There are 2 protein chains.
Amino acid sequence: MTTLADVARHAGVASSTVSYVLSGKRSVSEETRERVRRAVETLGYHPHVGARALASSRSNVLALIVPLRSDMYVPVMMEIAIGVVTRARGHGYDVLLLTNDEGSEGIRRVASSARADAVILTDIGMEDDRIATIAETGVDAVLIGVPADPAGLDCVDLDFAAAGRLCVDHLAQLGHRTVAFIGEAEGVYRRHIGFAERTLRGIQDGAAAHGVDLVHRPCDASYEAAAGALARILEERPHTTGLIVQNEGIIPPLMSLLRTTGRAVPEDVSIVALCPDPVAEQTAPRLTSVTIPAAELGIRAVDLLMRRMASGAAGEVRLIPPSLTIRGSTGPRPA
Amino acid sequence: MTTLADVARHAGVASSTVSYVLSGKRSVSEETRERVRRAVETLGYHPHVGARALASSRSNVLALIVPLRSDMYVPVMMEIAIGVVTRARGHGYDVLLLTNDEGSEGIRRVASSARADAVILTDIGMEDDRIATIAETGVDAVLIGVPADPAGLDCVDLDFAAAGRLCVDHLAQLGHRTVAFIGEAEGVYRRHIGFAERTLRGIQDGAAAHGVDLVHRPCDASYEAAAGALARILEERPHTTGLIVQNEGIIPPLMSLLRTTGRAVPEDVSIVALCPDPVAEQTAPRLTSVTIPAAELGIRAVDLLMRRMASGAAGEVRLIPPSLTIRGSTGPRPA
DNA sequence: TTGTAAGCGTTATCAG
DNA sequence: CTGATAACGCTTACAA
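I will try to describe carefully the structure that is included in this document. No experiment lies behind these values; they were computed from the predicted model shown. (Residues numbered from 1 in each chain as written. Chains lettered and ligands numbered in written order. Predicted model: local features only at pLDDT ≥ 70, side-chain atom pairs only at ≥ 80, totals over all residues. Heavy atoms only, no water.)

### Digging into the protein's contact with DNA strand C
Reasoning step 1: Taken together, 27 residues lie around DNA strand C, and Arg26(A), Ser27(A), Leu4(B), Ser19(B) and Tyr20(B) are the ones closest in.
Reasoning step 2: Within 4 Å of the protein, the contacting atoms of DNA strand C are drawn from sugar and phosphate to the extent of 51%.
Reasoning step 3: Between DNA strand C and the protein, one listed contact pairs a base oxygen with a backbone N or O atom of Ala55(A) at 3.4 Å.
Reasoning step 4: Measuring from a phosphate oxygen of DNA strand C, one finds a side-chain N or O atom of Tyr45(B) at 2.7 Å.
Reasoning step 5: Secondary structure elements with two or more residues in the surface near DNA strand C: α2 (15-23) and α4 (49-56) of chain A together with α2 (15-23) and α4 (49-56) of chain B.
Reasoning step 6: Sorting elements by how many residues they give to the surface near DNA strand C places α4(B) first, with five residues.
Reasoning step 7: Grouping the constituent residues of the surface near DNA strand C by class yields twelve nonpolar, eleven polar and four charged. (Near = heavy atom within 4 Å. Polar contact = N/O pair within 3.5 Å; in protein donor to acceptor, adjacent residues only side chain to side chain. Helix = DSSP H or I, 4+ residues; strand = E, 2+ residues; numbered from the N terminus. Nonpolar A, V, L, I, M, F, W, Y, C, P; charged D, E, K, R; others polar.)

Here it is as C-alpha cells:
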C-alpha cells in the first residue's frame, strides 16, 4: 500500500505538503504542487480513509436508511437511492445503505462509531421514533418526508397535500362528482407515514371544496386486493367516474380489471395516478398523473445535507410543488 | 466522544485489555471481563471504526455495485440489495452502495483507499472489464452473475440456462409447437450480460431438443415496445401459442395487449415468465414462472464472500437450480 | 512557501 | 492473565 510518506519521498517534499496539496487547505507553489500531483499519479496513491477519518474526525460517508419491506414503493426507493449515491459522489462522499429494521439503533451505531457523518432517512412517520435519536446523538440528518412536527429538522419532500389537491381539482374540472381514492396499504396509514396522510388530507380538502363525493380505500399491492377494492367501490357507489390511485403496485391490475369489467378509460372512468413518470407511461392509455420526483428528492436531500454540514444551518422544510401531467386516462364525466 | 482509554480508566484496566475483551482475541478473566462490559455499557462506548480500520487494516465494510440505469431489473436489484445488507449486518459488516457509472474506477477507489474490504458485483457481462480490475487490485470479490470465463472467481447466480430450458420443457410438454421468447432490452444483449445470453441459449437448446419452432425478440420496457413486439410475433407467426417472457417491466402491458386483441390466457396462448414470485402473482391469471430468487442471491453472495475472506479459498461458481411454479397462465395447446 | 511533530483511537507485539 | 507501547496513515497546529 502506498502512503502519504511514499508520495512525499517520491516528490521530495514533507508529507504535510502532500496533505495540503490534496486538501487545498493552504497555498502551495505551483511547482511543488505539480511535482506532488505527478508523484500521486505515478504511485497510484489513494489516501487511507480510515486514517483520514481518525485524524480529521470526518468519514466522508453518509448513511441512507431505506425501508426493509421490499414490497413498498420499490421504484421510488431505488430512484431515491440512485439520486443520493450519484450526488453524494459528486461531493466526495460515499453512501452506506442501512435498512430500517435496525431502526434507531442503526443511527446510533453509525453515528457514534463515526462510520458516517450524516444520515438520510426515508419512510418518515408523522411521529417518528428516529427523530428523537437524531436529536439525542446530534448527528446531521435530512429527512425525505415530513413528520408532524418538523421543528429544527431539515426535510425534503414532494408537497403531497398539494399533489392530492391537484388530482381532485383536475377531476372536478372535468365534471366528475363521485370519486374514489385507492391508496397505499392499510399498514402505511396505520404507521402514520407522512406522505400518505398528507395526500389523503389534500384529496379530502379538495373534495370538500369542490363538493365532490369522495371515498378512500387503502389497498394492498396484490391483484386480489385491487380487485376487492374496485369491486366494492363500484358496487357501493356505482356512479363513481373518477379514480385517484396512489399505489404503484396495483396500477397494472387495476387497468386490467376495468377493462375486464367493461369500463373504458377514460370514457367511462377517469384515472389520476400519483407515481413516477415511467410507471404512468407504461399503461394503455397512459395515465394522467402527478409525478413523484424520486431521484430529485435524493439529490436535494444530499444538497441540503451538505449545506447543513457546511454552515450549521438547520430547520428547513423544502416542499417540491407538484405538477400534473395530463395524459390519456382522464376525460370529461360521461353523460 | 468516549474512547477505549476512557473505558479502561473507568474499569481500572489497561486499554489493551478492553480491546481484547471486545475482540475476544485472548482470554480474559471472567471478573475483569465483566467489569469492562459494565464500563462499556455505562459509558455507551462505540469503537471508532476509522481508528479500528487503521490499526487492523480491515474496514468491516463491503461494497455492493449496482447498475445505474434505474429502468432495469429494479425489483430484482432492490431485493438483492436487501438480502446483502441484511446478511452483511449479521456478519458485522456494513454495506457501501456504489453505482456502475464509476465502473472499474470505483472498485479501485474503494479497494485502495481501504474504504471496503470486499466488493459484490452485479450486472455481470460475459466479458466484464471489472474482472481485470479485481485481479489487478487483488480485492476480494463475489459476482452475482457469471462471466464467460469464471476461472478463479467466486460467482453466485440462478442457473439461467437451466431456467430457460425449463420454460421450454414445460410448454413442449403441453403440446406447444410455436413459441416466442420476449426478452430483455436490446442493449442487455448488446452488452452481453451473462444471464440474458445464458437464458437465451437454454431456451434455444430446449427448443431444438423438442423440435419447437422458436423466435427471440428483445424488447424495451415500454408499452409501445411490448405492443410492437407482440404484434410482430402474431403477424409473422400466427400459430404462436406459447410465450416466454423475461422482462418484468412488460408483463403488465403484455397481459393487457393479449386481452385487448382477444387472446385468452391460457386458452389461446400460454405464458411462462422468468421473474420474482411477487411479479408473477400480480397478474390475472397468475403467471406460471421460474422464480428469480433475488434476496437469496444477495445472501449467498455475502456468505461466499465471508468464506472467501476467512479461508482464502476462491473459484467457486454456485448455480442455484431453477424451479418452475405452475400457475394459471399455461395450459395445453389449443386445437 | 515549506517542514516538524503531536495527536487521532485502535490493534497487536512484547514483556511480565 | 494483564500491562505497556509501538505502530497504523493522516491532519493540523506550530515553527521556520
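### Focus: the environment of Val40(B)
Residues and elements named next belong to chain B.
Reasoning step 1: Tracing the backbone shows Val 40 in helix α3 (residues 30-43).
Reasoning step 2: The class for Val 40 is buried, based on a relative accessible area of 17%.
Reasoning step 3: Considered as a pair, Val 40 and Asp 6 are 34 residues apart in the sequence and their alpha carbons are 9.2 Å apart. (Buried < 20%, exposed > 50% of the residue type's maximum accessible area, 1.4 Å probe, protein only.)

### A short note on the packing of aromatic side chains
The relation between two aromatic rings is expressed through the spacing of the ring centres and the mutual angle of the planes.
Residue and element names in this part refer to chain A.
Reasoning step 1: Tallied over the entire structure, the rule returns two aromatic pairs over all chains.
Reasoning step 2: On the basis of an interplanar angle of 50° and a centroid distance of 5.2 Å, the ring pair of Phe 160 and Phe 195 is categorised as tilted. Taken together, the residues Phe 160 in helix α8 (residues 160-173) and Phe 195 in helix α10 (residues 194-210) connect sequence positions 35 residues apart.
Reasoning step 3: Judged by relative accessible area, Phe 195 falls into the buried class, the value being 15%. (Phe/Tyr/Trp six-rings, centres within 6.5 Å; stacked < 30°, edge-to-face > 60°.)

### Things to note about the protein's contact with DNA strand D
Reasoning step 1: Around DNA strand D lies a shell of 26 residues, among which Leu4(A), Tyr45(A), Arg52(A), Thr17(B) and Ser27(B) are the nearest.
Reasoning step 2: Among all atoms of DNA strand D positioned within 4 Å of the protein, those belonging to sugar or phosphate total 56%.
Reasoning step 3: Residue Ser16(B) places a side-chain N or O atom 3.1 Å away from a base nitrogen belonging to DNA strand D.
Reasoning step 4: One of the backbone N or O atoms of Ser29(B) is found 2.7 Å from a phosphate oxygen in DNA strand D.
Reasoning step 5: Secondary structure elements with two or more residues in the surface near DNA strand D: α2 and α4 of chain A together with α2 and α4 of chain B.
Reasoning step 6: The dominant element in the surface near DNA strand D, judged by the number of residues it contributes, is α4(A), at four residues.
Reasoning step 7: Considering only residue class, the surface near DNA strand D consists of eleven nonpolar, eleven polar and four charged.

### Things to note about the relation of the copies chain A and chain B
Reasoning step 1: Superposing chain A onto chain B requires a rotation of 180° together with a translation of 0.1 Å along the rotation axis, leaving an RMSD of 0.2 Å. Here the symmetry operator amounts to a two-fold rotation axis.
Reasoning step 2: By residue overlap, the copies meet face to face through one surface: 100% of the interface positions of chain A are interface positions in chain B. (Least-squares fit on C-alpha atoms with pLDDT ≥ 70 in both. Contact = heavy atoms within 4.5 Å.)

### What about the pattern of salt bridges?
Reasoning step 1: All chains considered together, the criterion is met by 54 salt bridges over all chains.
Reasoning step 2: A salt bridge links Arg327(A) to Asp277(A); the nearest nitrogen and oxygen atoms lie 3.2 Å apart. Residue Arg327(A) is located in the segment after β12 (324-325), and its partner Asp277(A) is located in helix α13 (residues 277-280); the two are separated by 50 residues in the primary sequence.
Reasoning step 3: Given the relative accessible area of 28%, Asp277(A) is considered partly exposed.
Reasoning step 4: In this structure, Arg58(B) engages Asp117(B) in a salt bridge whose closest nitrogen and oxygen atoms are separated by 3.8 Å. Placement of Arg58(B) in the loop between α4 and β1 (61-66) and of Asp117(B) in the loop between α6 (103-112) and β3 (118-121) is noted, with a sequence separation of 59 residues between them.
Reasoning step 5: For Asp117(B), a relative accessible area of 14% puts it in the buried group.
Reasoning step 6: Here the residues in one salt-bridge network are Arg89(A), Asp94(A), Glu102(B), Arg109(B) and Arg115(B), joined through shared partners. (Salt bridge = Lys/Arg side-chain N within 4 Å of Asp/Glu carboxyl O.)

### Quick word on helix α10 (residues 194-210) of chain B
Along an α-helix, residues three or four positions apart point the same way, because every turn accommodates 3.6 residues.
Residue and element names in this part refer to chain B.
Reasoning step 1: Relative to the 24 Å expected for 17 residues at 1.5 Å per residue, α10 spans 24 Å between its end C-alpha atoms, a close match to the ideal helical length.
Reasoning step 2: Gly 194, Phe 195, Ala 196, Arg 198, Thr 199, Leu 200, Gly 202, Ile 203, Gly 206 and Ala 207 are the residues of α10 that are buried.
Reasoning step 3: Looking one or two places after α10, you find Gly 211, whose phi comes out positive at around 65°. (Expected span 1.5 Å × (residues − 1).)

### Focus on the interface of chain A and chain B
Reasoning step 1: Across the boundary between the two partners, chain A contributes 52 residues, which contact 52 residues of chain B.
Reasoning step 2: Taken together, the two surfaces of chain A and chain B that pack against each other cover about 4,500 Å², and 61% of this comes from carbon and sulfur.
Reasoning step 3: The three residues of chain A that bury the most area against chain B are Leu97(A), Arg115(A) and Gln282(A), which together make up 14% of that side's buried surface.
Reasoning step 4: At the junction of chain A and chain B, the tally comes to eight salt bridges.
Reasoning step 5: Where Asp94(A) meets Arg109(B), a salt bridge forms, and the shortest distance between an N and an O atom there is 2.9 Å.
Reasoning step 6: Across the chain A-chain B interface, the total number found is 23 residue pairs in polar contact (both at pLDDT 80 or more).
Reasoning step 7: Listing elements by their share of the side of chain A that touches chain B, those giving two or more residues are α4, α5 (74-90), β2 (94-99), α6 (103-112), α11 (223-236) and α12 (251-260) of chain A.
Reasoning step 8: Broken down by class, the residue content of the side of chain A that touches chain B amounts to 27 nonpolar, 15 polar and ten charged.
Reasoning step 9: When β2(A) meets strand β2 (residues 94-99) of chain B, the two strands line up antiparallel, connected through three bridges. (Buried area = accessible area lost by both parts, 1.4 Å probe. Pairing = 2+ DSSP bridges.)

### Topic: the pairing of β3(B)
Side-chain positions along a regular strand alternate between the two faces of the sheet.
Residues and elements named next belong to chain B.
Reasoning step 1: By the alternation rule, side chains of β3 split into Ala 118 and Ile 120 and Val 119 and Leu 121, which are all buried.
Reasoning step 2: As judged from the four bridges shared by β1 and β3, these two strands associate in the parallel manner. Looking at β3, one finds that Ala 63 is bridged to Val 119.
Reasoning step 3: Direction of pairing for β3 relative to strand β4 (residues 140-144): parallel, over a ladder of four bridges. The residue bridging Val 119 from the neighbouring strand is Ala 141, located in β4.
Reasoning step 4: Between the parallel pair β3 and β4, the chain is carried across by helix α7 (residues 129-137), and the sense of this crossover is right-handed. (Right-handed = clockwise from strand over helix to strand, strands pointing away.)

### Observations regarding the sheet that holds strand β6 (residues 178-182) of chain A
Sheets are built from strands that pair by backbone hydrogen bonding, the pairs being arranged parallel or antiparallel.
Residues and elements named next belong to chain A.
Reasoning step 1: The mixed open sheet is built from six strands, whose spatial order is β7-β6-β8-β9-β10-β12. On the outer flanks of this sheet lie β7 (213-217) and β12, each paired with one strand and no other.
Reasoning step 2: Where β6 and β7 come together, five bridges link them in parallel fashion. Bridge pairing in β7 places Val 179 opposite Leu 214.
Reasoning step 3: The strands touched by α8 are β6, β8 (242-245), β9 (270-275), β10 (288-291) and β12; relative to β9, the strand with the most contacts, the crossing angle is about 165°.
Reasoning step 4: Along the sheet, α10 contacts β6, β7, β8 and β9; its crossing angle with β7, the most-contacted strand, is approximately 165°. (Axes fitted to C-alpha atoms, helices over the stretch in contact; angles between N-to-C directions.)

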